[in-house]
Amino acid sequence: MAELIKAEIKRLTVALDQRYRLLKEEVQAELERSGESNYIDLAGGVHDTADESMADLLSDLSAESVHRQINEMREIEQALRRIREGEYGECVECGAAIGFERLLAYPTATRCITCQTHKEKMFAGSSRPSL
């Protein structure tokens, strides 16, 4: 592992494990809540199109939240795999070390600051609204 000492790896592993457990609990709670107040329940009392739109929005927000959390869980699983395989802390683009401070702030980072900045500049979308 690129320039990370055992104590740093241990600290990052603990942080990743804790975040994973928290996300898992949040997903489980959200799924339990959605079972109690699913879309049919939200829309069941719909009296006009505004109420129907609100029911759609609430249902979509719940689903998007779970989707985001599951994606983050996958990133954590990949980071833990990289730790086990001795690849954690290495930039996937250039192979340079990803700094410990960056990994503390973003433990699932796969690129060094230089490569991430370059990627963001290359793939940045228009900052203008599309409507």
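Cut-offs and rules
- Residues numbered from 1 in each chain as written.
- Predicted model: local features only at pLDDT ≥ 70, side-chain atom pairs only at ≥ 80, totals over all residues.
- Heavy atoms only, no water.
- Core = buried A, V, L, I, M, F, W, Y, C linked by side-chain atoms within 4.5 Å.
- Buried < 20%, exposed > 50% of the residue type's maximum accessible area, 1.4 Å probe, protein only.
- Helix = DSSP H or I, 4+ residues; strand = E, 2+ residues; numbered from the N terminus.
- Salt bridge = Lys/Arg side-chain N within 4 Å of Asp/Glu carboxyl O.

Draft legend 1. Up close: the nonpolar core. Formed by 20 residues in total, the largest nonpolar core has its most connected members in Leu-4, Leu-12, Leu-16, Ile-83, Tyr-88 and Leu-103. Residue assignment for this core shows that the elements contributing at least two residues are helix H1 (6-36), helix H3 (49-84) and helix H4 (100-105). Sort the elements by how many residues they give to this core and H3 lands first, with six residues.

Draft legend 2. Examining the pattern of salt bridges more closely. Inspection of the entire model under this criterion finds four salt bridges. A salt bridge links Glu-85 to Arg-81; the nearest nitrogen and oxygen atoms lie 2.8 Å apart. A relative accessible area of 46% means that Glu-85 is categorised as partly exposed. Look at Arg-81 and you get partly exposed, because its relative accessible area is 32%. One salt bridge connects Arg-81 with Glu-87, and the closest N-O pair in it is separated by 3.8 Å. Exposure remark for Glu-87: the relative accessible area of 37% places this residue in the partly exposed category. Within this structure, Arg-81, Glu-85 and Glu-87 form a network of salt bridges that share partners.

Keep in mind that these numbers describe shape and distance, not what the molecule does.
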